[in-house]
Amino acid sequence: MDKKLLGLMFLFFLSFALFASMVIFEKPLSNFTRAKEELAPSTTDSLIFAWPLTTKADSTSQSTVTVFVRNIKTKPLSNKVVSITSTLGTFKETSVTSDKEGKAEFHLISDTPGIAEVTAKIEGMEGSDGVLSHKVTVQFE
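Residues numbered from 1 in each chain as written. Predicted model: local features only at pLDDT ≥ 70, side-chain atom pairs only at ≥ 80, totals over all residues. Heavy atoms only, no water.

1. Considerations on the sheet that holds strand β8 (residues 114–122)
Stage number 1. An order of β2-β9-β8-β4-β6 is seen for the 5 strands of this open sheet, with the pairing classed as mixed. Both edges of this open sheet fall to β2 (54–55) and β6 (95–97), since each of them pairs with a single strand only. (Pairing = 2+ DSSP bridges. Helix = DSSP H or I, 4+ residues; strand = E, 2+ residues; numbered from the N terminus.)

So this is what it looks like as C-alpha cells:
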C-alpha cells in the first residue's frame, strides 16, 4: 500500500476513535485538556471573612481575618501564599500559606479608631494581579 494512504487511514481511525469516545463518555474534549484549572485559584470564588467586625482600637484587641482559597469549582486549594493589606491598622502576619482546607488566617490590630478596608491577594496567579474581588471591613472603636 501507499504510505500516503496508510497515513490517511491512520488519521481517519484516530479521528473516529476520538469522536466515538466523546460521544460514549459525553464529555467534551476541553474537559480532558483543562487539568490546570483545578489547581488555579479563583479571585471571584475565593472568600474573605473577618470576626469580630467591630473591636476596640487599643493595639491589643484583634479581629481575625480568614481567607479561603478556592478554585473555579469552589474546591479548597492548599499551599497557596496569601498576602493581605488594610487601610487602617496592622497585621501580625504579612503572608500565610493556605492549609489543606484552603484557609489562611490573619490577625488585625489598630490603635486608631476608624474603619479598616481589608483586601487579600493570592500570589503567583497567571494573567491576573491575584487580588480577591471580595473585601471586608472592620471597625475599630
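Past the structure itself, the notes keep going.
2. Let's talk about the pattern of salt bridges
Stage number 1. Scanning the model with the defined rule gives 1 salt bridge in all.
Stage number 2. With its nearest N and O atoms 3.5 Å apart, the salt bridge here joins K135 to E117. Remark: E117 occurs in strand β8 and K135 occurs in the loop between β8 and β9 (136–140); sequence separation between them is 18 residues. (Salt bridge = Lys/Arg side-chain N within 4 Å of Asp/Glu carboxyl O.)

3. Considering the sheet that holds strand β7 (residues 103–109)
Stage number 1. Read across the open sheet, the 4 strands follow the order β1-β3-β7-β5; overall the sheet is antiparallel. Taken across any chain shown, the strands that pair with only one partner, and hence form the sheet edges, are β1 (47–51) and β5 (90–91).

4. As for the packing of aromatic side chains
Stage number 1. For the structure shown, the criterion picks out 3 aromatic pairs.
Stage number 2. Plain terms: the ring middles of F12 and F13 are 5.3 Å apart, the flat faces sit at 70 degrees to each other, and that makes the pair edge-to-face.
Stage number 3. You can call F12 exposed: its relative accessible area is 53%.
Stage number 4. Between F49 and F68 the ring centres are 6.1 Å apart and the planes differ by 70 degrees, which places this aromatic pair in the edge-to-face class. Of this pair, F49 sits in strand β1 while F68 sits in strand β3 (residues 62–68), and the two are 19 residues apart along the sequence. (Phe/Tyr/Trp six-rings, centres within 6.5 Å; stacked < 30°, edge-to-face > 60°. Buried < 20%, exposed > 50% of the residue type's maximum accessible area, 1.4 Å probe, protein only.)

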